[in-house]
Every structure is written in structure tokens, then in C-alpha cells.
Amino acid sequence: MDKIKTQLQQTSQATHSERRGRLISLSALSLIVLVVIAIFWFVATKGLATFFENHVDFWSFLSGKTWDPGVKNASGQPLFGALPMIVGSFLITVLAALVATPFAIGTAVFMNEIEPRHGAKIIQPVTELLVGIPSVVYGFIGLSVVVPLVRNTFGGSGFGILSGTVVLFIMILPTVTSMTADALKSVPRYYREASLALGATRWQTIYKVVLRAATPGILTAVVFGMARAFGEALAVQMVVGNAALLPQNLVSPSSTLTSVLTQGIGNTVMGSLQNNALWSLALVLLVMSLVFNLVIRLIGRKGALR
Amino acid sequence: MKAKTADKIATAVFYAVAGLVVLILAFLLGYILLAGLPKLSWHFLAAPAQAFSAGGGIGIQLFNSFYLLVLAMLISFPIALGAGIYLNEYAKQNWITNVVRTAIEILSSLPSVVVGLFGFLLFVVQFKLGFSILSGALALTFFNLPLLTRSVETSLASIPNLQREAGLALGLSRWETVTKVILPAAVPSILTGVILSAGRVFGEAAALIYTSGQSAPALNFADWNPFNIASPLNPLRPAETLAVHIWKINSEGIMPDASAVSAGASAVLVIAVLLFNFLARWLGNRLYKRLTAND
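Note that the coordinates shown come from a computational prediction; the quantities given were computed from them, not determined experimentally.

Visitor: Could you give an account of the pattern of salt bridges, naming the residues involved and the relevant values?
Guide: All names here are of chain B. Going through the model one piece at a time under the given rule, you end up with seven salt bridges over all chains. Notably, a salt bridge pairs Glu-153 with Arg-101, separated by 2.5 Å at the nearest N-O pair. Here Glu-153, found in helix H6 (residues 133–157), pairs with Arg-101, found in helix H4 (residues 95–109); they are 52 residues apart in sequence, far enough to count as distant. Judged by relative accessible area, Glu-153 falls into the buried class, the value being 11%. Note that Glu-240 is salt-bridged to Lys-248, the shortest N-O span being 3.6 Å. An identical accessibility class is assigned to Glu-240 and Lys-248; each is buried.

Visitor: Break down the UniProt feature "transmembrane region" (unreviewed entry) in chain B for me, with residues and values.
Guide: Residues and elements named next belong to chain B. This chain's UniProt record puts "transmembrane region" (unreviewed entry) on residues 12–34, 66–87, 99–123, 129–148, 181–202 and 260–280. For residues 12–34, helix accounts for 100% and strand for 0%, while the C-alpha atoms at its two ends are 31 Å apart. Annotation note: span residues 129–148, helix share 80%, strand share 0%, distance between end C-alpha atoms 26 Å.

Visitor: Lay out the interface of chain A and chain B in plain terms, naming residues and giving numbers.
Guide: Taken together, the contact between chain A and chain B spans 72 residues of the former and 74 residues of the latter. Together, the buried faces of chain A and chain B total about 6700 Å²; carbon and sulfur atoms form 81% of this surface. For chain A, the biggest contributors to the area lost against chain B are Ile32(A), Leu129(A) and Phe140(A); these three give 10% of the whole. Note that Arg281(B) and Glu128(A) form a salt bridge whose closest N and O atoms lie 3.8 Å from each other.

Visitor: Can you lay out the packing of aromatic side chains for me, pointing to particular residues and giving the numbers?
Guide: A full pass over the atoms with the stated rule returns 18 aromatic pairs over all chains. With a centroid separation of 4.9 Å and 75 degrees between ring planes, the pair formed by Phe110(A) and Tyr15(B) is classed as edge-to-face. Taken as a pair, Phe110(A) in helix H4 (residues 83–114) and Tyr15(B) in helix H1 (residues 2–36) lie in two separate chains rather than in one. Overall, the relative accessible area of 8% leaves Phe110(A) in the buried class. Ring centres of Phe120(B) and Phe131(B) lie 6.2 Å apart, and the angle between their planes is 15 degrees; on these two criteria the pair is classed as stacked. A residue pair is termed long-range when its members are at least 10 positions apart, and Phe120(B) in helix H5 (residues 112–126) and Phe131(B) in the loop between H5 and H6 qualify at 11 residues. Judged by its relative accessible area of 9%, Phe120(B) is buried.

Visitor: Lay out the confidence of the model for chain B with the relevant residues and their values.
Guide: Residues and elements named next belong to chain B. When pLDDT is averaged along chain B, the result is 86, and 98% of the positions lie at 70 or above. Per-residue pLDDT, averaged within each element of chain B, yields its smallest value for helix H2 (residues 42–46) (79) and its largest for H6 (92). Here the complex is predicted with pTM 0.87, and the ipTM for its interfaces comes to 0.87.

Visitor: Tell me about the nonpolar core, and name the residues and values.
Guide: Within the largest apolar cluster, 175 residues are counted, with the highest numbers of intra-cluster contacts made by Ile39(A), Trp67(A), Leu261(A) and Leu281(A). Per element, the largest residue contribution to this core is 15 residues, and it comes from helix H3 (residues 59–90) of chain B. If you count residues domain by domain, this core takes at least three from each of domain 1 (1–39) and domain 2 (42–293) of chain B. Filtering out sequence-adjacent residues up to four positions away, Ile39(A) remains in contact with Leu286(A), Leu107(B), Leu110(B), Val114(B) and Phe118(B).

Visitor: Please set out the UniProt feature "domain: ABC transmembrane type-1" (unreviewed entry) in chain B residue by residue, giving values where relevant.
Guide: Per the UniProt record, the feature "domain: ABC transmembrane type-1" (unreviewed entry) sits at residues 62–280 of chain B. Counting secondary structure, residues 62–280 of chain B comes out at 72% helix and 0% strand; the distance between its end C-alpha atoms is 21 Å.

Visitor: Tell me about the packing of helix H9 (residues 202–213) of chain A against helix H10 (residues 215–231) of chain A, and please be specific about residues and values.
Guide: All names here are of chain A. It is the contact of H9 with H10, at a shortest axis distance of 5 Å, that shows an interaxial angle of 60 degrees. Here H10 runs oblique to H9, going by the angle between their axes. Residues Leu-211, Arg-212 and Ala-213 of H9 lie in contact with H10, whose contacting residues are Thr-215, Pro-216 and Ile-218. Grouping the constituent residues of the contact of H9 with H10 by class yields four nonpolar, one polar and one charged.

Visitor: So, the environment of Trp224(B): which residues are in play, and what are the values?
Guide: All names here are of chain B. Considering the arrangement of structural elements, one finds Trp-224 in the loop between helix H8 (174–203) and helix H9 (242–252). Linking Trp-224 and Tyr-86, residues 138 residues apart in sequence, is a C-alpha distance of 38 Å. If we ignore the near neighbours within four places in the chain, the residues touching Trp-224 are Phe-63, Ser-231, Pro-232 and Leu-233.

Reading the values: rules and limits
- Residues numbered from 1 in each chain as written.
- Chains lettered and ligands numbered in written order.
- Predicted model: local features only at pLDDT ≥ 70, side-chain atom pairs only at ≥ 80, totals over all residues.
- Heavy atoms only, no water.
- Salt bridge = Lys/Arg side-chain N within 4 Å of Asp/Glu carboxyl O.
- Helix = DSSP H or I, 4+ residues; strand = E, 2+ residues; numbered from the N terminus.
- Buried < 20%, exposed > 50% of the residue type's maximum accessible area, 1.4 Å probe, protein only.
- UniProt positions renumbered as here; feature names shortened; annotations may be inferred.
- Contact = heavy atoms within 4.5 Å.
- Buried area = accessible area lost by both parts, 1.4 Å probe.
- Phe/Tyr/Trp six-rings, centres within 6.5 Å; stacked < 30°, edge-to-face > 60°.
- pLDDT = per-residue confidence, 0-100.
- Core = buried A, V, L, I, M, F, W, Y, C linked by side-chain atoms within 4.5 Å.
- Domains from an automatic or database assignment.
- Axes fitted to C-alpha atoms, helices over the stretch in contact; angles between N-to-C directions.
- Parallel < 35°, antiparallel > 145°, perpendicular 65-115°, else oblique.
- Nonpolar A, V, L, I, M, F, W, Y, C, P; charged D, E, K, R; others polar.

What follows is the structure in C-alpha cells.
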């Protein structure tokens, strides 16, 4: 009797394995969350050290025009003006997105609404394939094709914002195109049928119905492309010229947050003022990527409401 | 008939835009392959790189890329699998789950340079692993985890609830249902996700330049003891990968035939990515047919 009783009251083997499995999978998930927290913690403490330990003025960091971490100015403040890099990053990102958006929308409309057969068979697989091409390859193509082209057309060294924009435009084009195509695909078929039945032409249907209904999705695609462009490091670093100066024009050598980071971290001593300043740049990158994330969420929420 | 004219013009514009984009994309692929393929030879793929003279290869970098890929996958796959299972099978719909999902989304949108810098700070400096394959593999793990978790989760979510109910009705525990019923059914799409993310990891460079380093010391390919410093398997040696190599020789400008070597190496990278893509499609289809008896 007792034997049966203990057998019934004991936790069974299945319960044990269930608990173990649940624990294992939960700890895997917690590990990922821990990593995210650790990244924010490390980058934030390192990045804020410039302001709290080295007492660099936060405002002069954001608005200063000279980036020369080894040198101090007349009032004894080190020259940490991050404005040239911030301007460079934003300029390249916005320009690349501005150029890429019409092309991406045009191609997505073409492969969804005008020639669905060729679109689904040829263009879509090719764009999806190009999404996976490593960014250094884009950088190499920029270096061997775009930079000489810019040099021969506009003079100068060829390195600069324009080359960076072209490289990033080509790089985010497949991403934005395939995400826009997905957005168009999710517009219900009866929207088009209703519009065509009212006597609208195909262009009127595309312009007045399909594109409007897909606006949140298209915006998400563009912001996603911008986030990718903003965070891209090597492809930009290879073609932008890497001079920490405010861009005079589109073909003068300049730099971005990521390009200064990739070059600088290896050349500074850990814990030094120069190194901390670079971590502040990394913090700016981190915050911007959060902002992009937030914007995508806001768009999603607004789109869902309608 | 104004609307009709507008329609015709618009159609023509769409043809032009799409044609232009196709031309750009075709030029891109064509340029990489046409410039790179003639450079490829057995010597190029196997010989070590030459820093100061022409005629070097990419042998060590190619090996490093694959070794790093395997290590990163070995570390990240179990974690992603567990996390994906928990998210899809156990997690309740509440604010904690939402926060976790947001965290994963944020991790996936972080610039890879930031992930690399974090890896540098934590593994190279704090844990004193130095510029090593292990540091690189761990940094790649962080880079890879969110997407892999996402793909495991969606693969599991696509298995109909009927299967879970059937498992539970047979008296299996939830964990047994997941491991014995749901996971086998989800293997094809999980595998596709793994291969696609492998393609991404293979070409990643920004996360690696400060974790696995930018130097490729000579290796002794006869020595497979992972504890020897010259052994290819030693996880604590610095290891420059193919993608990092392309970046380094182009930004240093010391190597006399840098552009030829990078053209060849770019072609190898792109071909590898293409192969990963085709493999994912082919294997996914084949396994699906096999496992669902749709042959």
C-alpha cells in the first residue's frame, strides 16, 4: 500500500524532464536578455565616462566642430567635437534613403502590380539574394568602381559623402525593395478589384489605393533601411575618406560615427581619454539604433490602428 | 482620356525604374563574378597571404572563416533553440514576454560594430582572451542570436496546434511533446533558417576586426591538437577571416595586388553566400518532402 502511495505522490519522471526542459529553455532566453542588458550597461558606462570622469562638456561634444582628442583648447577642454561625424552619418543615411526609396517602391510596384510573373520568378529571388551579400563586398565595389567614377566626374579624391551615399544606396536597395514588396503583397486583393471596378486605371489604383494602404509597411521598410545604413561600418569607412571635418560639399573627404570607431579603437589605449571619447561615439550609435527601433514601432502601431 | 495617358506614362516609368534597378543589381553580381572568377585557382584558395609581395592566396583566411562559422553556430544554435522553444511553447502573453521580445528585436537591430566593440570590451579585455577565434565566435553569437531565435520561433509557430494537442492527449508532457513531436516537424524550416544565418555570419566583418583580430599567423595543417599554438583548431589564436582580409588589405594599401586579391576573395564570399542560399532552399524542400511523405 505504502509503495503505491509513494509512487503516486512522487513527482514522475515526465514531470522531472518537463521541469528540466522548461528551466533549460528559460535560461537560454534569459541569457539573451542578459546579453542585451550587458551591451547597454558596458557601452553606456564607457560612453558616459567621457562626461562624468573626464568632465567633457556634453554640449560641446555634440556641437563642437573639431575632433582632435589629443589636443586641448585655450580653456583646457579637450577637443571632442563630434559634430562632423554626426553630420556625416546623418547626411549619408538620409541621402541614401532618399535615393533608394523611389527606386525600391518603383521596383516593388513593378514586380507586384505590373509584371507579377517576372517579378516573382526573377526579381524577387535576386533581391533576396543580394540582401545577403557581405558589406565588405559592397565596400570593395565602391572602392574600385564608385570612387574612380566620382573622381573622374567631379574631381577631387573621389572619397566623400557622395561615394558613401552611392555605396549605401546600392546596399540598402535590396532590403528596402523586398520589404516594400512584402508590404504591397499584404494589401488585400479586393482593394484593387474594388478600385478597378469603379473604373480607375491601373495607375490610379496603384497611386490612390495600393500605395496608400501599404504606407505603414513602406515607411517601416525605409526606416529599416536607414537603420542599416546608419550602423554600417566597413563599407562606408572604405569610401568616405576618413577626415574628421565637417563636409564642405558632397565630394570632400569626411567621416561617419562608424568609420571613426573602426579606425580609432585599435589606435588608442583602453581607459584613456581618447578611448573614452570613442565609446561616447558608440553610445551615440546605440541610442540612434534605439530611436530607429522606436520609430518602426510607432509606425507599426499607427498602421495597426487604421 | 487623360487618365489613360497618365496610366501609360506611369507604366512606362515603372518599367524604366525596374529596368534600371535590375541593371544595377545585375551589374553588381556580374562585376563581382567577372572580376573575381579569373583570379580563382587552387593556389589562390590554398596558399597563405603575402603581406608585401604579389601572388599571395587566401588559404588561412578561408579556413578561419569556416572554423569561426562552425564555432559560432555551435555556441549560438543551442541557445537560440532553447530561447525559441520557450518563447513559442511556454511564454505567456504578458508584459514580461513583450519586454523580452523587444530586447531581442533591439539586439537584432544593433549595428554590428557596436556588438563587436562590446565583444572586444568583454572578452578581449575583461576576460583576457585576447584577439582570438573564441572572442570572435562569441561576438558572432551575439550578432547571430536574435535572428536565429526569431527563425526558430517562427518555425515552431508554423506547426499547427493539432500536433501539440495530439501529443498532450497521448499523455506526453509538454517538454516531450515539443522535443518528440513539434521539433522534428519543424526541422526543415529551422534548418533553412540556420543555413541562411550562416551565410550572414560568414560575411560579417565589422564585429570581428576587434575580436578575432586582423592577423593570420601561419598555421601547421598537420597539427590537429587544439592546444598547440600553430594548430588550425586552436581557439585562442588570432584569426583574420576572409571578409576582414578584404577590408584590411584595402584600407592598408601595402599589398601590391590588393585589388586582385580582394576581387578574388569577394567572389569567393559571394559564391559562398549563393551556395548557402541554394543549399537552404534545396535542403528545406527535400527534408519537407521526406518528413511529410509528400514525395
